[in-house]
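Per-entry structural report
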Amino acid sequence: MDLNVLVIGGGIVGAGIARDAAMRGLRVGLVEQHDFAFGTSSRSSRLLHGGVRYLAQGRLGLVRQASVEKRILHRIAPHLAEPLAFVFPAYRGATWPLWELRLGIKIYDLLCSGKNFGHSSALDREAMLKWAPRLNPDRLTGAVRYFDALTNDARLVLDTLRSAARHGAIAANYLKFKDARPESLRGWLCELEDRLTGQGSAIRTRAIVNATGPWADGLPHSRVRLRLTKGVHLVIERRRLPVADAVVMTDAKRILFAIPWGERVILGTTDTDYRGPIEAVRAADGDIEYLLRITNEFFPEARLDRQDVISTYAGLRPLIADGRNAGAGGPSDVSRAHRITNPEPGWWDVAGGKLTTYRLMAEETVDEIVEWLKRLNELNRRLSLCRTAEEPLLAPEEVAGLSGIVPPEFSRRAVEHFCAEEWAVHLEDVMIRRSGWHCYFRDTREKAEQVAGWMAAALSWPAEAQAVEIQRYHALTSHAG
């Protein structure tokens, strides 16, 4: 079957594009060489936010975009957009003075058009210490409190793909795009490879979208130039750092967070240039020590050490590199804005951006593709308008007990659902991305063995496959970051 659009990349941007295009009535396929949400889209800080720090950089348009989009996501996926308060303490002599923070949150509220998840406020020193009694009181001058939202990044990808499939999109993980040859009359002939069997195949499509995140500048025909930066996160037990709200921690201009996540707290993130293998991003010892040091500076009574770390994860930010930021300046200074380009007829590169603005990136991309197809007289029917800002991702009964901010209950029912409805192939697909159990629990070795047994029955694995999957999972996660 010929396609109108082939999307390469099964992260949040690719999933959003596939959903939007399918909802408008286009014939859509999506391929991902690894598992869905394998890369950046399962390794973020899990925040839907406008980015208070971008105000200091003068990027008001980016803040405005993200502030609007986080509200849209709360409307279409309330189970994956939980309002969360943030407290940002100010210290005498630090880079972020209290007066500047107070001004910043007022501007932030204005950019949200007065429709944020809650009203921001200022706290004096005494009020802040009552709010967070374990916070370091030395040189503390006060704080501000504002609102963003918490999400589950991998679940957002999967639920978006499930929604896309409901509207007719065809999605395949472990299917690698190898090359494409333009054909003057029929668009592109694409060469694909099934990474599970090694078999090759071909498919024709009118338009191709490169939405591969950190891999975007390595595809044939791509004109993307990226600057990759690494972000590392730690997960600890919440009883070790019992924060009611997310707490902003700073290191000069850098902003880090302590984010409550169920019975856990996520600490992060780092922001350093990265030039290693894209598939093997790890939390180095130095990254872990850095995050523990900053957290202990803000919460000295916690005395966190390596034994407190339940899990770590690390991902790459695919930032757009241009003449100004290709190698100059700190990673945190590089814009998080997205860019959509059309370097060849029928080929689109979509790069940069933020998790929060994925839906907008998809809408803008599909708008361009639809206009191009109209000019070619390729559309023999009237397409629907973009509805992704209004129509829910999935019905409540489709996500209850299976998809949410925190991992679902550890159960055979959940595993069988992931295998039957969410394209799970390998043990790590379930443990890491479908459920989040790998990051949340300490006894993951035992849980993984039980999950492997449930998957073996659900997927009819041959006798030796279960042991191979367990070995593969342990090998991948023993050095995971």
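Please refer to the structure placed before this passage.
Summarised in this report is the structure supplied together with it.

About the cut-offs
Residues numbered from 1 in each chain as written. Predicted model: local features only at pLDDT ≥ 70, side-chain atom pairs only at ≥ 80, totals over all residues. Heavy atoms only, no water. Phe/Tyr/Trp six-rings, centres within 6.5 Å; stacked < 30°, edge-to-face > 60°. Helix = DSSP H or I, 4+ residues; strand = E, 2+ residues; numbered from the N terminus. Buried < 20%, exposed > 50% of the residue type's maximum accessible area, 1.4 Å probe, protein only. Lys NZ or Arg CZ within 6 Å of the ring centre and 35° of its normal. Axes fitted to C-alpha atoms, helices over the stretch in contact; angles between N-to-C directions. Parallel < 35°, antiparallel > 145°, perpendicular 65-115°, else oblique. Contact = heavy atoms within 4.5 Å. Left-handed = near helix turned anticlockwise from the far one by under 90°. Nonpolar A, V, L, I, M, F, W, Y, C, P; charged D, E, K, R; others polar. Salt bridge = Lys/Arg side-chain N within 4 Å of Asp/Glu carboxyl O. Patch = residues over 30% accessible without salt bridge, like charges linked within 9 Å, V, L, I, M, F, W, Y side chains within 5 Å. Areas by Shrake-Rupley, 256 points an atom, 1.4 Å probe, with all protein chains shown as cover. Core = buried A, V, L, I, M, F, W, Y, C linked by side-chain atoms within 4.5 Å. Polar contact = N/O pair within 3.5 Å; in protein donor to acceptor, adjacent residues only side chain to side chain. Expected span 1.5 Å × (residues − 1). Arc of directions from axis to C-beta. Pairing = 2+ DSSP bridges. Lys, Arg positive; Asp, Glu negative; His and termini not counted. Charge placed at Lys NZ, Arg CZ, Asp CG, Glu CD.

**Observations regarding the packing of aromatic side chains**
For the structure on display, the rule yields 15 aromatic pairs. Arranged with centres 5.3 Å apart and planes meeting at 85°, the rings of F36 and W423 form a pair that is edge-to-face. Linking F36 in the loop between β2 (28-32) and β3 (47-48) with W423 in the loop between α10 (412-421) and α11 (427-434), this pair joins segments that are 387 residues apart in sequence. For F36, a relative accessible area of 0% gives the class buried. Site record: aromatic cluster; members linked through ring pairs are F86, Y108, Y146 and F257. If you follow R43 out to its NZ or CZ, it ends over the ring of F38, 5.2 Å from the centre. The residue whose ring lies beneath K447 is F410, and the NZ or CZ to ring-centre distance is 5.1 Å.

**Some remarks on the packing of α11 against helix α14 (residues 465-477)**
Look at α11 against α14: their axes get within 8 Å of each other, and the N-to-C directions meet at 45°. Of the possible angle classes, the one that applies to α11 and α14 is oblique. On the side of α11, the interface is formed by L427, E428, M431 and I432, while α14 contributes E469, I470, R472, Y473, L476 and T477.

**Here's the deal with the packing of helix α1 (residues 12-24) against helix α6 (residues 153-166)**
Across the interface, α1 lies against α6 with an axial gap of 8 Å and an inter-helix angle of 20°. As the angle between them shows, α1 and α6 are arranged roughly parallel. When the axes of α1 and α6 are compared, the crossing they make is left-handed. On α6, the residues touching I12, A15, G16, A18, R19 and A22 of α1 are L156, V157, T160, L161, S163 and A164. A per-class count over the contact of α1 with α6 returns 8 nonpolar, 3 polar and 1 charged.

**A short note on the pattern of salt bridges**
A full pass over the atoms with the stated rule returns 34 salt bridges. Between K374 and E371 there is a salt bridge whose closest N-O contact spans 3.8 Å. Taken as a pair, K374 and E371 lie in helix α8 (residues 358-375) at a separation of 3 residues, close to a single helical turn. Under the relative-accessibility criterion, K374 is labelled partly exposed at 46%. Relative accessible area serves as the criterion here: at 41%, E371 is assigned to the partly exposed category.

**A short note on unusual backbone geometry**
T269 follows G268 through a cis peptide bond whose omega is 10°. Tracing the backbone shows T269 in the loop between β14 (264-268) and β15 (272-273). One non-glycine residue, R46, lies in the positive phi region at around 65°. Along the chain, R46 turns up in the loop between β2 and β3.

**Structural notes on a nonpolar patch on the surface**
A contiguous nonpolar patch, built from L60, W99, L103 and I107 and spanning about 410 Å² of accessible area, is present on the exposed surface. The topology assignment puts L103 in helix α4 (residues 98-111). In this structure L103 comes out as partly exposed when scored by relative accessible area, which is 47%.

**Let's talk about the nonpolar core**
In terms of nonpolar packing, the biggest core is built from 54 residues, with I17, L26, V28 and V209 touching the most fellow members. Ranked by the residues each element gives to this core, the list is headed by α8, at 8 residues. Excluding residues within four positions of it along the chain, L26 makes contact with N4, V5, A21, V366, V370, L373, L379, R381 and L383. Formed by 40 residues, the second largest nonpolar core is a distinct cluster that contains A132, A143, M249 and Y274.

**Side note on the side chain of T270**
With respect to the secondary-structure elements, T270 resides in the loop between β14 and β15. One polar contact links the side chain of T270 to the main-chain carbonyl oxygen of K230, over a distance of 3.4 Å. Residues in contact with T270, not counting those within four places in the same chain, are K230, G231, V232, R254, D287, Y290, L291 and R317.

**Examining α4**
Look at α4: 20 Å from first C-alpha to last across 14 residues, which is about the 20 Å you get at 1.5 Å a residue. All of the buried residues in α4 are L98, L101, G104, I105, Y108, D109 and L111. Buried residues of α4, viewed axially, fall in a sector of 155°; they line one side. Seen from the buried face of α4, the exposed residues on the opposite side, beyond 90 degrees, are W99 and L110. Positive phi shows up at S113, right after α4, with a value of about 60°.

**Here's the deal with the pairing of strand β7 (residues 170-173)**
Every second residue of β7 is oriented toward a common face, the buried set being A171 and N173 and the non-buried set I170 and A172. The pairing of β2 with β7 spans 4 bridges and is classified as parallel. Following the sheet pairing, L30 is matched in β7 by A171.

**What to know about the environment of V415**
Counting through the fold element by element, V415 comes out in helix α10. Look at V415 and you get buried, because its relative accessible area is 0%. Along the sequence, V415 and R43 sit 372 residues apart, while their C-alpha atoms lie 21 Å from each other. Among residues more than four places away in sequence, those in contact with V415 are V430, W437, V451, W454 and M455.

**Looking at a positive patch on the surface**
Taken together, the side chains of R64, R71, R75 and K115 define a basic patch exposed on the protein surface. Tracing the backbone shows R75 in helix α3 (residues 60-76). By relative accessible area, which is 47% here, R75 ends up partly exposed.

**Points about the side chain of T477**
By secondary structure assignment, the location of T477 is in helix α14. Take T477: its relative accessible area is 17%, and that puts it in the buried class. A polar contact of 2.8 Å, which involves the side chain of T477, links it to the backbone oxygen of Y473. Contacts of T477, omitting those with residues within four sequence positions, involve I432 and H438.

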